[in-house]
Amino acid sequence: MTRDQLVKTDNRHVWHPFTQHADPEASEHLVIAGGEGCELIDVDGRRYLDGVSSLWVSVFGHRHPVVDAAVRKQLDALAHSTMLGLTHPIAIELAERLAAITPEGLNRVFYSDSGSTAVEVALKMAFQWHQQQGDTRRNRFVALRDAYHGDTIGSVSVGGIDLFHAVYRPLLFDAVHVEAPLHREDEAALVQRALDTLEEVGDQVAAIVVEPLVQGAAGMRMHSPDFLRPIVQRARDLGALVVFDEVAVGFGRTGTLFAAEQVGFAPDFLCLAKGLTNGYLPLAVTMATDRVFEGFLGPAEHTFFHGHTYTGNPLACAAALATLDLFRDTDVMARLAGNAAVLRDACASLVARHPGRVREVRQTGTMVGIDLVARPDEPRLGREVVLACRERGVILRNLGDVVVLMPPLVMPHDQLRALVAAVDTVLASPRFTPT
Ligand SMILES: *Cc1c(COP(=O)(O)O)cnc(C)c1O
């Protein structure tokens, strides 16, 4: 099919996620046919910098030879076999490796296939664990306001983004939301408020669920370890389990392999997905402590009755193991601070250069949110800026009026600077100059 035929057929048959198909722009698709390193290539051969790692997954870039080879090799052995009643070498090895690199105590790996299911599994496990401990009053969850934990009904219940979640309210269970900072300056007062809320509901809480350090989909809201640590510690002291959703922040995004390392806190559950397979195949894990696992040993009704058909898919596990090899065998982690500094330098003058247009730039590790100020007649400013960047060969994505940069961990410095330069140039154009 030609590009025009592809776009026409897409408009006729494909229902895109998070897309209002009534918007004319929704039908102007860029058709991506290839990828190479930190670039995406459209059907006409035009190259674009992938400034958001293909929605936060592609930590080592596209068509990485090591990951490619691992998936090809696994194809010659086994593409799928169930984990219900059977097991296979690659899932075993991956579980062992994950237990070794994640925070202390997280020794059990439950496989599923998306960040949403990873969180869903943690919620169900936490609830059931307390039930089986005889603590049947613990049926509530605490989460941060503006949280995003996925799109299944349970993960939406602990989510707090009204635009996405309000319509489903009647279907959701009630979660207690505590206010989280937009940036680090707002923290001290909010810690105390969160602790007060925990005192009120603490003995009914099954688990507290948080995205540590950066609330990604909320628009890159950021807090420090000092905000989170007392809250999760207090929740634990009150008997709640602690779930870290590191689907977005895991795998180096915040500067350490996992954000939990900076928080200095080992949770009872760790949810991982996005970066796990370098974006090659859908795979997620819910990691749990032995203490949680042991709470499920006993009579038949204490079984965790949950599982997905593609649980532990061998091809996906092979991609994940190769990705972990790259974290172990390359200097990617050592170079993250340098990459973060390049982004910080490049963004440093944005507020001054675009007064009244750039409110602030928030950054943790290599996760960046450029927060724009929209006039009332600019309801889709963020989206339009992102589309204008695309014309300049840079693919970014906005969350409302926040332009997100989440480049592959391996993006070279000149390409990192080019991402910011594209935003800078677009904002300097007459169309986006505030009047
Ligand atoms: C993306 C995301 C999810 C959901 O992951 P999916 O694979 O899209 O279901 C959950 N939590 C966080 C923090 C995320 O960023």
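Only a predicted model underlies this, so the values are computations on that prediction, with no experimental measurement involved.

Here is what the cut-offs are and how they apply
Residues numbered from 1 in each chain as written. Predicted model: local features only at pLDDT ≥ 70, side-chain atom pairs only at ≥ 80, totals over all residues. Heavy atoms only, no water. Buried < 20%, exposed > 50% of the residue type's maximum accessible area, 1.4 Å probe, protein only. Helix = DSSP H or I, 4+ residues; strand = E, 2+ residues; numbered from the N terminus. Pairing = 2+ DSSP bridges. Expected span 1.5 Å × (residues − 1). Arc of directions from axis to C-beta. Axes fitted to C-alpha atoms, helices over the stretch in contact; angles between N-to-C directions. Contact = heavy atoms within 4.5 Å. Core = buried A, V, L, I, M, F, W, Y, C linked by side-chain atoms within 4.5 Å. Domains from an automatic or database assignment. Parallel < 35°, antiparallel > 145°, perpendicular 65-115°, else oblique. Left-handed = near helix turned anticlockwise from the far one by under 90°. Nonpolar A, V, L, I, M, F, W, Y, C, P; charged D, E, K, R; others polar. Buried area = accessible area lost by both parts, 1.4 Å probe. Salt bridge = Lys/Arg side-chain N within 4 Å of Asp/Glu carboxyl O. Polar contact = N/O pair within 3.5 Å; in protein donor to acceptor, adjacent residues only side chain to side chain.

**Considerations on the pairing of strand β11 (residues 269-272)**
- Side chains of β11 alternate between two faces, with Phe-269 and Cys-271 and Leu-270 and Leu-272 buried alike.
- Alignment of strand β10 (residues 241-245) against β11, held across 3 bridges, turns out to be parallel. If you follow Val-243 over to β11, its bridge partner there is Phe-269.
- With 4 bridges connecting them, β11 and strand β12 (residues 284-289) associate as antiparallel partners. Each bridged residue has a counterpart across the sheet, and for Phe-269 the counterpart in β12 is Ala-288.

**Some details on helix α8 (residues 187-201)**
- When the terminal C-alpha atoms of α8 are compared, their 21 Å separation across 15 residues agrees well with the 21 Å that a helix rising 1.5 Å per residue should span.
- Regarding α8, the residues found buried are Glu-187, Leu-190, Val-191, Ala-194, Leu-195, Leu-198 and Val-201. Each buried residue of α8 sits inside an arc of 140 degrees when the element is viewed along its axis, so together they form one side. Looking at α8, the residues exposed on the side facing more than 90 degrees away from the buried face are Ala-188, Ala-189 and Glu-200.

**Side note on the sheet that holds β10**
- Sheet architecture is open: 7 strands sit in the order β4-β12-β11-β10-β7-β5-β6, paired in mixed fashion. Since the sheet does not close on itself, it has two edges, and those belong to β4 (106-112) and β6 (175-178), each with one partner. Across the sheet, the mean angle from the axis of one strand to that of its neighbour is 20 degrees, orientation sign disregarded.
- Where strand β7 (residues 205-210) lies against β10, 4 bridges are found, and the strand directions are parallel. Looking at the pairing, Ile-208 lines up with Val-242 of β10.
- Here helix α4 (residues 89-101) sits on the sheet and contacts β4, β11 and β12; the angle it forms with β4, its principal contact strand, is near 135 degrees.

**Some points on the nonpolar core**
- Core analysis: the largest hydrophobic core is formed by 74 residues, its most contacted members being Leu-94, Leu-98, Tyr-111 and Phe-244.
- Per-element accounting of this core gives the leading share, 11 residues, to helix α12 (residues 314-329).
- Counting the residues that make up this core, at least three belong to each of domain 1 (31-63 + 331-428) and domain 2 (67-329).
- Setting aside residues up to four positions removed in sequence, Leu-98 forms contacts with Val-109, Leu-272, Leu-276, Val-285, Met-287 and Leu-324.

**Some points on the packing of helix α15 (residues 381-391) against helix α16 (residues 413-428)**
- Remark: α15 packs on α16, axes separated minimally by 9 Å, with the N-to-C direction vectors making an angle of 115 degrees. Between α15 and α16, the angle is such that the two are roughly perpendicular. For the crossing formed where α15 meets α16, the hand is right-handed. Residues Val-385, Ala-388 and Cys-389 of α15 pack against Ala-422, Val-423, Val-426 and Leu-427 of α16.
- Tallied by class, the residues present in the contact of α15 with α16 amount to 7 nonpolar, no polar and no charged.

**A word on the domain arrangement of the protein**
- Under the domain assignment used here, the protein contains domain 1 (31-63 + 331-428) and domain 2 (67-329).
- A separation of 27 Å is found between the C-alpha centroids of domain 1 and domain 2.
- Contacts between the two partners involve 30 residues from domain 1 and, on the opposite side, 28 residues from domain 2.
- Around 2,300 Å² of area is buried between domain 1 and domain 2 when both sides are counted, 65% of it from carbon and sulfur atoms.
- Between the two partners, domain 1 and domain 2, sit 0 salt bridges.
- At the surface where domain 1 touches domain 2, the tally comes to 10 residue pairs in polar contact (both at pLDDT 80 or more).
- Going through the elements one at a time, α2 (53-56), α13 (332-347), β13 (358-364), β14 (367-372) and β17 (402-405) are the ones with two or more residues in the side of domain 1 that touches domain 2.
- By residue number, the principal contributor to the side of domain 1 that touches domain 2 is β13, which donates 4 residues.

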